[in-house]
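Chain residues, written in single-letter form:
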There are 2 protein chains.
Amino acid sequence: MYTPVQLFSKYCITNNILEQIRCVSQLFFPQFSSDKYKVKRHDFSTVRTTDIDYFKSILGKDRILTDDQDVAPYNIDWIKNCRGNSQLVLKPSCTEEVSKILSYCNEKRLAVCPQGGNTGVVGGSVPVFDEIILNLSLMDKITSFDDLSGALVCEAGCILENLDKFAREHNMIMPLDLGAKGTCHIGGNVSTNAGGLRLLRYGNLHGSVLGIEAVKADGSVINCLKSLRKDNTGYHLKHLFIGSEGTLGVVTKVAIHCPVMPKAVTLGYFGVENFENILYLYSNAKSSLGEILSAFEMADCNSISHTVNNLKLQNPLAEYPFYVILETHGSDEIHDQEKLTRYLSTQMKNGLIVDGIVTAEPSKMQSIWTIRENIAAAGLVGTYLYAYDVSLPQKHYYEIIPKLRERLNSKVKMVCGFGHIGDGNIHINIIVPEFSEEVYSLIEPFIFEEVSKLNGSISAEHGVGFRKPQYLHYSKDPSALQLMRDIKQLMDPNGILNPYKVLP
Amino acid sequence: MYTPVQLFSKYCITNNILEQIRCVSQLFFPQFSSDKYKVKRHDFSTVRTTDIDYFKSILGKDRILTDDQDVAPYNIDWIKNCRGNSQLVLKPSCTEEVSKILSYCNEKRLAVCPQGGNTGVVGGSVPVFDEIILNLSLMDKITSFDDLSGALVCEAGCILENLDKFAREHNMIMPLDLGAKGTCHIGGNVSTNAGGLRLLRYGNLHGSVLGIEAVKADGSVINCLKSLRKDNTGYHLKHLFIGSEGTLGVVTKVAIHCPVMPKAVTLGYFGVENFENILYLYSNAKSSLGEILSAFEMADCNSISHTVNNLKLQNPLAEYPFYVILETHGSDEIHDQEKLTRYLSTQMKNGLIVDGIVTAEPSKMQSIWTIRENIAAAGLVGTYLYAYDVSLPQKHYYEIIPKLRERLNSKVKMVCGFGHIGDGNIHINIIVPEFSEEVYSLIEPFIFEEVSKLNGSISAEHGVGFRKPQYLHYSKDPSALQLMRDIKQLMDPNGILNPYKVLP
């Protein structure tokens, strides 16, 4: 038996750290979600041989997994937080197959868990009990690309990084980028309204998704796959599927607007004395760097030091209480460097930046991003991670961290705060040797109560999934919750789509 | 009796041409929409004295209009296309009053037409029969503004231009700008998903609206007024109210993200030989000007010459088949001018730009924008205007104009094409001496059929309103239309909100 750290080294065969950790984490079988979180199964049917025969008639036998060992990895989320007990994975390869499967499941009252790259961190992409896993990984074709408008149309199972590579071949980029890009699917991104590193610059998916094709619980296909930038023809239905985490329909195709690929990219990585200074730096960056600012990230000392130590990475700066990563995307390298130099010299002169490096060299930029993108993953190597993701008004952004440290004290190994300053989105990693009921009850609902007091959101970008429905009232008022229930009832009256998720 | 042109001169007391034309157009009483477009009244109640007494108990007598002459302007849209026959205008001053009014109307089956600045061009903001007009102009307060994040929260009746002035005092701007900015309300902008001149740069309202408060037909208040950049807590309900044109609820408050005010603004105005060259110019501008490009507009010769002649404006360029207006928003004037100069010299050298001026002087920029923003209005002075607004893939953008000219020939005075190249959004003005059934039947449904063949949208930014529901099938497939009907039934089961609009 290997220890997790040994396993991690043993499996270090790819360069993608997240992918390595995913592999390793699937070798451990965490407790079943239903036991761990004490949930009762809803009154759905269970899968019978006749059902499997029907699915075989649609998919053939190769695109159905029923063997325990084959199904196991699809039941577990990568942060080892949730584990379902599904006995069946279906892999459709086109919208028509998704439609037939859902129509059948709806008729037979069989629950379904739609699954993309399974990189979610709120248990939304794995079953809770024996829901049938509808995995979209085979729907990975790019349908069309318009060089002039930047409209890309593709199937939901396309991996984000692959789409970005494709777009770059046409001098465009995908409008979103996240740590999980090498694994996550665009369908999952859209279904969870993923945010990521450059929302500050390229906006959210409600703004950049041009069209969606989705299949409702009854199998009917809603075709809103227009690839136009403007389309005001009645209700903007696509937004019902953006961020509803597969509970209203399964996204099967996406049309998305790709911005122009920047000709010049520069990265700054700075040491900062205190959080207040980060806010000044951000405010000044917005005003001085304006249109070229593409990311403004922060991480506290815990986040960076734990990541570099645990994943054996190199921190190019000494230890500072806080770090800022600032990126520019522009169309003229000289102009961008002039702007950045002016910004830097001002901020170093006034003491807001204590130390720092600026680079436009791809490998150096990548090594800094690697640290930032793997902070979450670093908490998983040899330890258990309570991961949170909340939005707060920027002036209150970091207040939650010292409060949690004081409350949890020596009961946890470490509390880390990092995230997207520009979006008011902080990620909170609480690292412990292993899952503990006591720590869990000290964190929840305390953390959500604190966020609610400050008019924040209990989920900034990760969604609600299985882990947060009971806390939704901290962020949504009763009339909005009622409208959510009404819409769910309208679109999925038998509740077969991703049950136990999103809705309280 | 004055002629329209005389009236126009007589009423030229403000600098806002659109406002002048609105004043004048309200002196003419077009045909009732119900007669002109042959619609049958639905089975709603009619307003009685007891109803008016109830409304007086909520609003007092000063915020209720019942006198025919007082009510008249609220019944007519500014392009003189639609005219309702309402006998009652209500002017609530807070959400609670809106809630009480709707709750009462819902119970009594009284139909309601929500109205903002009444600048729409598809008849969505005026009643068709005797619907009660719920005018939000008194709800015009700014609630809060966050200097750091740029989140502005305000009531729905705020005039867009006022909000923009307010934002500019804080070094920010509103993320949308349209010709009607001096009159239109932010609530109307949101309800119709208004696009405008700079969508290319600042994105659409689905991306920039942070939160909404809306009142449903039954009077329940849906509070999704978060002013956070990221909030993934369940269904993204605010999008139901963006672009549903008041048929699912009345927007009462809006939280919106304001981008940083550009430190440098430059405008280019160019003469171009043919439409194909405009596409090259656009493609090159995207790539060379990149992040500073804030608008890319086109207008054909008809559009410009009719506007400058009819409104007695000055065209700073000679006559060319096509014109382009290109604007940059940047944070460094010298950098922007360098980029623009490089772009210009390349495009003049290769002959794509035949003639042009570039200016950063506010008054000169304004005089060019004045021409562009008043093309629509120019068609209203002394003539009748069939106004269309469609989206098309950029390569087919202009094809519809010669087709219409050929089809309508001498039966019309002029066919003009102009719009937002970057968004694939073309506006089509067909100018005739007065409304003619024959011309009307030659244009519709022909124009929508043509748009549909090219996978366009029959409404890019103006919405569906009263004028397009019967043509919605050209842009929306049957399953999407059914889902629209289901949602309407769910949220407004008695159909009191803006009836005869949006839904076929």
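Given the structure is predicted, the values throughout are model-derived calculations rather than measurements. (Residues numbered from 1 in each chain as written. Chains lettered and ligands numbered in written order. Predicted model: local features only at pLDDT ≥ 70, side-chain atom pairs only at ≥ 80, totals over all residues. Heavy atoms only, no water.)

Peer 1: Just give me the short version of the overall build of chain A, but keep the residues and values in it.
Peer 2: Scanning chain A from terminus to terminus reveals 20 helices and 16 strands. In terms of overall dimensions, chain A is globule-like: its C-alpha atoms have a radius of gyration of 22 Å, near the 23 Å expected for 504 residues. Oriented by its inertia axes, the alpha-carbon framework of chain A measures out at about 75 × 55 × 50 Å. Burial statistics for chain A: of 504 residues in total, 64% are counted as buried. (Helix = DSSP H or I, 4+ residues; strand = E, 2+ residues; numbered from the N terminus. Rg over C-alpha atoms; globule rule 2.2 N^0.38 Å. Buried < 20%, exposed > 50% of the residue type's maximum accessible area, 1.4 Å probe, protein only.)

Peer 1: Got a sec to walk through the domain arrangement of chain A? Specific residues and values, please.
Peer 2: All names here are of chain A. In terms of domains, chain A is made up of domain 1 (4-135), domain 2 (142-257), domain 3 (264-375) and domain 4 (379-462). Taken residue by residue, the interface counts 16 residues in domain 1 and 18 residues in domain 2. Summing both partners gives a buried area of about 1,300 Å² for domain 1 against domain 2, and 63% of it is carried by carbon and sulfur. Three residues, Thr95, Leu102 and Thr119, lead the burial of domain 1 against domain 2; their summed loss comes to 32% of the area buried on that side. Counting across the domain 1 and domain 2 interface gives 0 salt bridges. Of all the elements in the fold, those that place two or more residues in the side of domain 1 that touches domain 2 are helix H2 (17-25) and helix H6 (95-108). Per-element tally for the side of domain 1 that touches domain 2: the top contributor is H6, with 6 residues. (Domains from an automatic or database assignment. Contact = heavy atoms within 4.5 Å. Buried area = accessible area lost by both parts, 1.4 Å probe. Salt bridge = Lys/Arg side-chain N within 4 Å of Asp/Glu carboxyl O.)

Peer 1: Explain helix H6 (residues 95-108) of chain B residue by residue, including any values.
Peer 2: For H6 of chain B, spanning 14 residues, the distance from its first C-alpha to its last is 20 Å, which sits close to the expected 20 Å at 1.5 Å a residue. The positive-phi residue at the C-terminal boundary of H6 of chain B is arginine 109 of chain B, with phi of around 60°. (Expected span 1.5 Å × (residues − 1).)

Peer 1: I'd like a description of the relation of the copies chain B and chain A, backed by residues and values.
Peer 2: For the pair chain B and chain A, the superposition axis carries a translation of 0.0 Å, the fit reaches an RMSD of 0.0 Å, and the rotation angle comes to 180°. Taken together, these values place the two copies in the relation of a two-fold axis. Of the C-alpha atoms belonging to chain B, the one lying closest to the rotation axis is found on glycine 207 of chain B, 2.0 Å away. The residues that chain B uses at the interface reappear at the interface of chain A in 100% of cases, marking a shared surface. (Least-squares fit on C-alpha atoms with pLDDT ≥ 70 in both.)

Peer 1: Kindly report on the packing of helix H4 (residues 49-59) of chain B against H6 of chain B, identifying the contributing residues and their values.
Peer 2: Residues and elements named next belong to chain B. Two numbers describe how H4 lies on H6: the axes approach to 10 Å, and their chain directions differ by 165°. Accordingly, the angle class assigned to the pair H4 and H6 is roughly antiparallel. You can see that H4 and H6 cross each other, and the crossing is right-handed. Residue-level contacts link Thr50, Asp51, Tyr54, Phe55, Ile58 and Leu59 of H4 to Glu97, Lys100, Ile101, Tyr104, Cys105 and Lys108 of H6. Across the contact of H4 with H6, the residue classes tally to 7 nonpolar, 1 polar and 4 charged. (Axes fitted to C-alpha atoms, helices over the stretch in contact; angles between N-to-C directions. Parallel < 35°, antiparallel > 145°, perpendicular 65-115°, else oblique. Left-handed = near helix turned anticlockwise from the far one by under 90°. Nonpolar A, V, L, I, M, F, W, Y, C, P; charged D, E, K, R; others polar.)

Peer 1: Tell me about the interface of chain B and chain A, and please be specific about residues and values.
Peer 2: The interface of chain B with chain A comprises 91 residues on the first partner and 91 residues on the second. Together chain B and chain A conceal approximately 7,000 Å² of surface at their shared face, both sides included; 55% is due to carbon and sulfur atoms. Scanning the region where chain B abuts chain A turns up 6 salt bridges. The shortest N-O distance in the salt bridge between aspartate 423 of chain A and lysine 230 of chain B comes to 3.0 Å.

Peer 1: Can you explain helix H5 (residues 68-75) of chain B? Please cite residues and give values.
Peer 2: All names here are of chain B. Within the sequence span of H5, burial applies to Val71, Ala72, Tyr74 and Asn75. Structurally, H5 contributes buried residues whose contacts are with strand S1 (64-65), strand S2 (89-90), strand S3 (112-115) and strand S4 (132-135). Near the N-terminus of H5, the side chain that reaches the backbone nitrogen of glutamine 69, with its oxygen 3.0 Å away, is that of aspartate 67. (Polar contact = N/O pair within 3.5 Å; in protein donor to acceptor, adjacent residues only side chain to side chain.)

Peer 1: Outline the environment of alanine 167 of chain A, supporting the account with residue identities and numerical values.
Peer 2: Residues and elements named next belong to chain A. Structurally, the position occupied by alanine 167 is in helix H7 (residues 160-169). Exposure remark for alanine 167: the relative accessible area of 0% places this residue in the buried category. Taking C-alpha positions, alanine 167 is 8.5 Å from glycine 150, a pair spaced 17 residues apart along the chain. Excluding residues within four positions of it along the chain, alanine 167 makes contact with Met172, Ile173, Met174 and Cys258.

Peer 1: Describe the packing of aromatic side chains, and please don't skip the residues or the numbers.
Peer 2: Per the counting criterion, the structure on display carries 44 aromatic pairs over all chains. Ring geometry for phenylalanine 435 of chain A against tyrosine 440 of chain A: centres 5.8 Å apart, planes inclined by 50°, an arrangement best described as tilted. Classification of tyrosine 440 of chain A as buried rests on a relative accessible area of 13%. What links up through ring pairs into an aromatic cluster is the set Tyr37, Tyr384, Tyr386, Phe435, Tyr440 and Phe466 of chain A. Cation over ring: lysine 36 of chain B sits above phenylalanine 435 of chain B, and NZ or CZ is 4.5 Å from the ring centre. Taking the ring centre of phenylalanine 446 of chain B as reference, the NZ or CZ of arginine 407 of chain B above it sits at 4.1 Å. (Phe/Tyr/Trp six-rings, centres within 6.5 Å; stacked < 30°, edge-to-face > 60°. Lys NZ or Arg CZ within 6 Å of the ring centre and 35° of its normal.)

Peer 1: Can you break down the pattern of salt bridges residue by residue, with the values?
Peer 2: In the structure shown here, the tally under the stated rule is 44 salt bridges over all chains. Its salt-bridge partner being arginine 41 of chain B, residue aspartate 130 of chain B comes within 3.0 Å of it at the nearest N-O pair. Here aspartate 130 of chain B is found in the loop between S3 and S4, whereas its partner arginine 41 of chain B is found in the loop between helix H3 (33-36) and H4, with 89 residues between them in sequence. In this structure, glutamate 155 of chain B engages lysine 141 of chain B in a salt bridge whose closest nitrogen and oxygen atoms are separated by 3.3 Å. One end of the pair, glutamate 155 of chain B, is in strand S6 (residues 151-155); the other, lysine 141 of chain B, is in the loop between S4 and strand S5 (142-145), with 14 residues separating them in the sequence. Accessibility expressed as a relative area gives 8% for glutamate 155 of chain B, which makes it buried. Taken together, the shared-partner salt bridges connect Asp177, Lys181, Arg198, Glu327 and Glu373 of chain A into one network.

Peer 1: Account for the sheet that holds strand S6 (residues 151-155) of chain A, with residues named and values stated.
Peer 2: Residues and elements named next belong to chain A. The 5 strands are arranged S5-S6-S9-S7-S8 in an open sheet whose pairing can be described as antiparallel. On the outer flanks of this sheet lie strand S5 (142-145) and strand S8 (221-224), each paired with one strand and no other. On average, each strand axis in the sheet is tilted by 10° relative to the strand beside it, whichever way the strands run. With 3 bridges joining them, S5 and S6 adopt antiparallel strand pairing. Along S6, the bridge assignment pairs isoleucine 142 with cysteine 154. (Pairing = 2+ DSSP bridges.)

Peer 1: Just give me the short version of the pairing of strand S11 (residues 293-300) of chain B, but keep the residues and values in it.
Peer 2: Residues and elements named next belong to chain B. By the criterion of burial, S11 is predominantly enclosed, with 8 of the 8 residues buried. Of the pairings in the sheet, the one linking S11 to strand S12 (residues 322-330) comprises 7 bridges and is antiparallel in character. Directly across from glutamate 297, in S12, lies its bridge partner isoleucine 325.

Peer 1: Break down the side chain of aspartate 77 of chain B for me, with residues and values.
Peer 2: Residue and element names in this part refer to chain B. Tracing the backbone through its elements, the reader meets aspartate 77 in the loop between H5 and S2. Although aspartate 77 is buried, it makes no salt bridge; arginine 467 carries the closest opposite charge, 7.1 Å away. Side-chain polar atoms of aspartate 77 contact the backbone nitrogen of asparagine 81, separated by 2.8 Å. Discounting residues that sit within four places of it in the chain, aspartate 77 has contacts with Cys82, Asn118, Gly120, Gly123 and Val126. (Lys, Arg positive; Asp, Glu negative; His and termini not counted.)

Peer 1: Any chance you could break down the confidence of the model for chain A for me, citing the residues and the numbers?
Peer 2: Looking at chain A, pLDDT values average 94 and 95% of them are 70 or higher. Long-range and interchain partners of residues 1-13 of chain A, a stretch whose pLDDT sits below 50, account for 21 contacts in this model, where long-range means more than four residues apart. (pLDDT = per-residue confidence, 0-100.)

Peer 1: Pulling in residues and values, what's your account of unusual backbone geometry?
Peer 2: Note that the residue after glutamate 444 of chain A, namely proline 445 of chain A, is joined by a cis bond; omega there is 5°. Along the chain, proline 445 of chain A turns up in the loop between helix H18 (437-443) and helix H19 (446-453). We note that lysine 38 of chain A has phi near 50°; this positive angle belongs to a residue other than glycine. Examined against the element boundaries, lysine 38 of chain A turns out to sit in the loop between helix H3 (33-36) and helix H4 (49-59). With phi around 55°, glutamate 245 of chain B is a residue other than glycine that occupies positive phi space. If you trace the backbone, glutamate 245 of chain B turns up in the loop between helix H11 (238-241) and strand S9 (250-257). Classification of glutamate 245 of chain B by relative accessible area gives buried; the value is 7%.

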